[in-house]
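Each chain, letter by letter, is given below.
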Amino acid sequence: MIPVCRLADLPAGASVRVGTTPPVAVFNADGELYAIDDTCTHQDASLSEGWLEGCLVECPLHAASFDLRTGQPTCLPARRPVRTHRVTVDDGIIHVHLFAEEGTAA
Amino acid sequence: MRTVTVVGASLSGLYAARELRAQGFDGRLVLVGAETHAPYDRPPLSKDFLTGRADEARLALTDAEERAGLDAEWLLGVRARGLDARGRTVLLDDGRTVPTDGVVIATGASARRLPGDGLAGVHTLRTLDDARALREELIHGPRRVVVIGGGFIGAETASSCAGLGHDVTVVEAAVLPLVAPLGPEMAAVCAALHRRGGVELVTGIGVAALRGSGAGASRSVDAAHPGRAQAGPAGPPVTGVELSDGRILPADVVIVGIGATPNTGWLAGSALALHDGVLCDDGCVTDLPQVVAVGDVARVGGARAEHWTSATEQPRVAVGNLLAGHTVETVRSVPYFWSDQYGTRIQFAGRRRQADAVRIAEGTVEDGAPGDDGLLALYERDGRTTAVLSVDRPRPFTRARRQLAYDQDPVEPTTAVNL
Ligand SMILES: Cc1cc2nc3c(=O)[nH]c(=O)nc-3n(C[C@H](O)[C@H](O)[C@H](O)COP(=O)(O)OP(=O)(O)OC[C@H]3O[C@@H](n4cnc5c(N)ncnc54)[C@H](O)[C@@H]3O)c2cc1C
Ligand code: FES
């Protein structure tokens, strides 16, 4: 479990990159929090810098789009999903629970 | 339409094949590709592939599963050498013919060469085979590398070579590299990246000859016929690049990055109009309604782009028009390209014109180069933004790029479908 930032510091529409290895991106999509791997599966752009629209984030380099709920790409050029991670808020602090930590490795 | 033939099995050809199936074409689909390789992505060739950070598997644009789904006949390693006047038969190099109802021309472009470049150690960088050969030369310890041409591919290649520990010089004939796409102010800022990366930039001077070891091994550059020469069998090794003022830059490896010419030679004798590309209307349709052209080879509505994004965006429109039998939709995207050099990412969108004023909206220029926090520059004319350049500022860049697309479409998109 990794503390990210205060919930108050991530308003709706905002995103933040967590410097884990590999890095994770946390989004506030209209009040819902999501975490996915930050690196686009197409090449190497940072998805936390992407364009957020509803539950979709568009990669800033070649415009692949990913569904934050599932990590699945919804259009080319990305063909593989990004991993999703669980997010919780404790005491006003956002935490991500890294996928691998839960012992459900793909 | 029962058979559609896509000529050129690379980025735009693959996207056209995908669009044909996605838009409901269920007839015979033939892809003809001169290279023996399955479709691969070129942009990494000068970047992560050259430096060894990405291997060949990372270049693949498609996989066996997708190819099975496309249900196409792949004729790879064979070149189309003609299209009959009615556009109904594609002739292949090996003597075969493909009778067809529709054709997608996606033959891309080839790297221009310097005449007389048949010396060993002289390279161009357009194909996977080019990149393999160059990479092979760069892994045997430090070499003296001269890159001829300071455009995007030249700059990226120089950056990758410097990153591998080679001693690199870039020669650019113009006063500044990239001045045509970026304009003088921002071209100067991007040129400073070379200096920062430890690469020497020699500008405003042409190349007179490539020097090789052995008697008579100098190959002079015939300025009257640039790009006409074919690569011969590798001759004696290159030793240097002679500039037009007589100076000689010693070199073990020379990379010629002086642009690309569209691959239209095979269309000579067809009914299609050719002029620096295959001439098409705004919807990628040629003079023959059952023949469309996409990607680097296509001159769409008067302009030819050599960018990844146009090669991936045009096929949707082109295929729609091909299946409709006439132009029902036009390509309306804002031009966009990116480039990775010296650890920074450059992104540019829009249409800059000569008189546009440049304003740095975010970030700073330090010592003539982009500051550590990058920069965002807006090109403006009559109070409107015409183009945007970003160095390591993807988020505001995307916002500005979207705004450009929005501004260019103040009216409803034309849906000229009169069924
Ligand atoms: C090293 C490099 C780096 C690049 N980096 C960037 C970048 O950072 N950003 C960017 O926006 N763009 C970049 N580009 C440009 C981008 O790769 C091209 O715009 C894109 O590849 C064009 O796709 P295409 O399918 O139209 O043509 P191509 O990729 O050129 O493919 C054409 C194919 O047709 C085949 N062909 C040719 N003639 C025939 C024939 N007669 N019969 C059968 N087959 C034929 C060729 O062998 C080739 O496989 C780069 C290009 C290169 C070479
Ligand atoms: S890196 Fe994300 S779409 Fe290419």
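Definitions and limits used
Residue indices follow the written sequence of each chain, beginning from 1 at its first position. Written order decides the labels, with chains lettered from A and ligands numbered from 1. With pLDDT at 70 or above as the cut-off, local features in this predicted model cover only qualifying residues; side-chain atom pairs require 80 or more to be listed or tallied, and sums for whole chains, interfaces and linings still use all residues. Heavy atoms from the whole structure form the basis of all side-chain values; hydrogens and water molecules are not counted. Contacts are residue-level and defined by heavy atoms, with any inter-residue pair within 4.5 Å sufficient. In this description, buried area is defined as the sum, over both parts, of the accessible area (probe of 1.4 Å) that is lost when the two are combined. By convention in these notes, a salt bridge is any Lys or Arg side-chain nitrogen within 4 Å of a carboxyl oxygen on Asp or Glu. Counting of polar contacts relies on pairs of N or O atoms within 3.5 Å, with two restrictions inside protein: one atom must be capable of donating a hydrogen and the other of accepting it, and residues adjacent in sequence are counted only when both atoms are side-chain atoms. Residue polarity is assigned by list, with Asp, Glu, Lys and Arg as charged and Ala, Val, Leu, Ile, Met, Phe, Trp, Tyr, Cys and Pro as nonpolar; anything else, Gly included, falls into the polar class. Partly exposed describes any residue whose relative accessible area lies between the buried limit of under 20% and the exposed limit of over 50%, with all areas from a 1.4 Å probe on protein chains only and scaled to the type maximum. By the criteria applied, helices consist of DSSP H or I runs no shorter than four residues and strands consist of E runs no shorter than two, each listed in order from the N terminus. A molecule or strand has a residue near it when one of that residue's heavy atoms lies within 4 Å. Per-residue accessibility takes into account occlusion by the displayed protein chains alone, with areas from the Shrake-Rupley method and a 1.4 Å probe. UniProt positions are given in the numbering used here, feature names are shortened, and annotations may be inferred rather than shown by experiment. Stacked, tilted and edge-to-face pairs are distinguished by plane angle, under 30 degrees for stacked and over 60 for edge-to-face with tilted covering the rest, among Phe, Tyr and Trp rings (Trp via its six-membered ring) whose centres lie within 6.5 Å. The rule is short: NZ of Lys or CZ of Arg within 6 Å of the ring centre and within 35 degrees of the ring normal puts a charge over the ring.

### Digging into the interface of chain A and chain B
And then number 1: Counting from both sides, the interface comprises 18 residues of chain A and, opposite them, 21 residues of chain B.
And then number 2: Carbon and sulfur atoms supply 42% of the area that chain A and chain B bury against each other, a total of about 1700 Å² over both sides.
And then number 3: The largest per-residue losses of area from chain A upon contact with chain B belong to Trp 51, Leu 61 and Arg 79 of chain A, which jointly make up 33% of the total buried on that side.
And then number 4: Between the two partners, chain A and chain B, sit 6 salt bridges.
And then number 5: Measuring nitrogen to oxygen at the nearest pair gives 3.0 Å for the salt bridge that ties Arg 79 of chain A to Asp 63 of chain B.
And then number 6: Our count for the chain A to chain B interface comes out at 10 residue pairs in polar contact (both at pLDDT 80 or more).
And then number 7: Across the side of chain A that touches chain B, the residue classes tally to 6 nonpolar, 6 polar and 6 charged.

### Describing the pattern of salt bridges
Residues and elements named next belong to chain B.
And then number 1: This structure, assessed with the given rule, holds 32 salt bridges over all chains.
And then number 2: When the shortest N-O distance is used, the salt bridge between Arg 42 and Glu 35 registers 3.0 Å.
And then number 3: A residue is classified by how much of its surface remains accessible, and Glu 35, at 24% relative accessible area, is partly exposed.
And then number 4: Salt-bridge contacts for Arg 304 lead to Asp 276; the nearest nitrogen and oxygen are separated by 3.2 Å. With Arg 304 in strand 22 (residues 303-304) and Asp 276 in the loop between strand 18 (260-262) and strand 19 (278-280), this residue pair connects regions lying 28 residues apart in the sequence.

### Some thoughts on unusual backbone geometry
And then number 1: Residue Pro 22 of chain A is bonded to the preceding Thr 21 of chain A through a cis peptide linkage, with omega at -10°.
And then number 2: Looking at where Pro 22 of chain A falls in the secondary structure, it is placed in the loop between strand 2 (15-18) and strand 3 (24-29).
And then number 3: Here the bond from Leu 76 of chain A into Pro 77 of chain A is cis, since omega is 5°, no more than 30 degrees from zero.
And then number 4: Mapping Pro 77 of chain A onto the fold places it in the loop between strand 7 (65-67) and strand 8 (84-90).
And then number 5: With a phi close to 50°, Asp 71 of chain B is a non-glycine residue in the positive phi region.
And then number 6: Look at Cys 284 of chain B: it is not a glycine, yet its phi comes out positive at around 70°.
And then number 7: As for its position among the elements, Cys 284 of chain B is in the loop between strand 19 and strand 20 (291-293).

### Looking at the site of ligand 1
Residues and elements named next belong to chain B.
And then number 1: Around ligand 1, the structure places 34 residues, and the nearest of them are Glu 35, Arg 42, Lys 47, Arg 126 and Asp 296.
And then number 2: Here an oxygen atom of ligand 1 and a side-chain polar atom of Lys 47 are 2.6 Å apart.
And then number 3: Interatomic distance of 3.4 Å between a backbone N/O atom of His 307 and an oxygen atom of ligand 1.
And then number 4: Calculation on ligand 1 without its partners gives an accessible area of 1000 Å², and the protein chains cover 95% of this total.
And then number 5: Secondary structure elements with two or more residues in the shell around ligand 1: helix 1 (11-22), strand 2 (28-33), helix 5 (152-163), helix 7 (308-324) and strand 23 (336-341).
And then number 6: For the shell around ligand 1, a count of residues per class yields 16 nonpolar, 10 polar and 8 charged.

### A closer look at the UniProt feature "domain: Rieske" (unreviewed entry) in chain A
And then number 1: Under the feature "domain: Rieske" (unreviewed entry), the UniProt entry names residues 2-96 of chain A.
And then number 2: Helix makes up 0% of residues 2-96 of chain A and strand 43%, and the two end C-alpha atoms of the span are 5 Å apart.

### Focus on the side chain of Glu 242 of chain B
Residue and element names in this part refer to chain B.
And then number 1: One can find Glu 242 in strand 15 (residues 238-243).
And then number 2: Relative accessible area serves as the criterion here: at 17%, Glu 242 is assigned to the buried category.
And then number 3: Polar contacts involving the side chain of Glu 242 include one to the side chain of Arg 211, which spans 2.7 Å.
And then number 4: The contact partners of Glu 242, leaving out residues within four places of it in the chain, are Val 207, Ala 208, Ala 209, Arg 211, Arg 247 and Ile 248.

### Section: the packing of aromatic side chains
Residues and elements named next belong to chain B.
And then number 1: According to the stated counting rule, one finds 6 aromatic pairs over all chains in the structure shown.
And then number 2: With a centroid separation of 5.7 Å and 75° between ring planes, the pair formed by Phe 348 and Tyr 379 is classed as edge-to-face. Residue Phe 348 is located in strand 24 (residues 344-350), and its partner Tyr 379 is located in strand 26 (residues 369-381); the two are separated by 31 residues in the primary sequence.
And then number 3: The buried category is assigned to Phe 348, whose relative accessible area is 4%.
And then number 4: What makes Tyr 379 buried here is its relative accessible area of 1%.
And then number 5: Taken together, the ring pairs connect Phe 152, Phe 337, Phe 348 and Tyr 379 into an aromatic cluster.
And then number 6: One cation-aromatic arrangement involves Arg 18 over Tyr 15; the distance from NZ or CZ to the ring centre is 4.9 Å.
And then number 7: In this structure, Arg 135 is placed above the aromatic ring of Phe 49, and the distance from its NZ or CZ to the ring centre is 4.6 Å.

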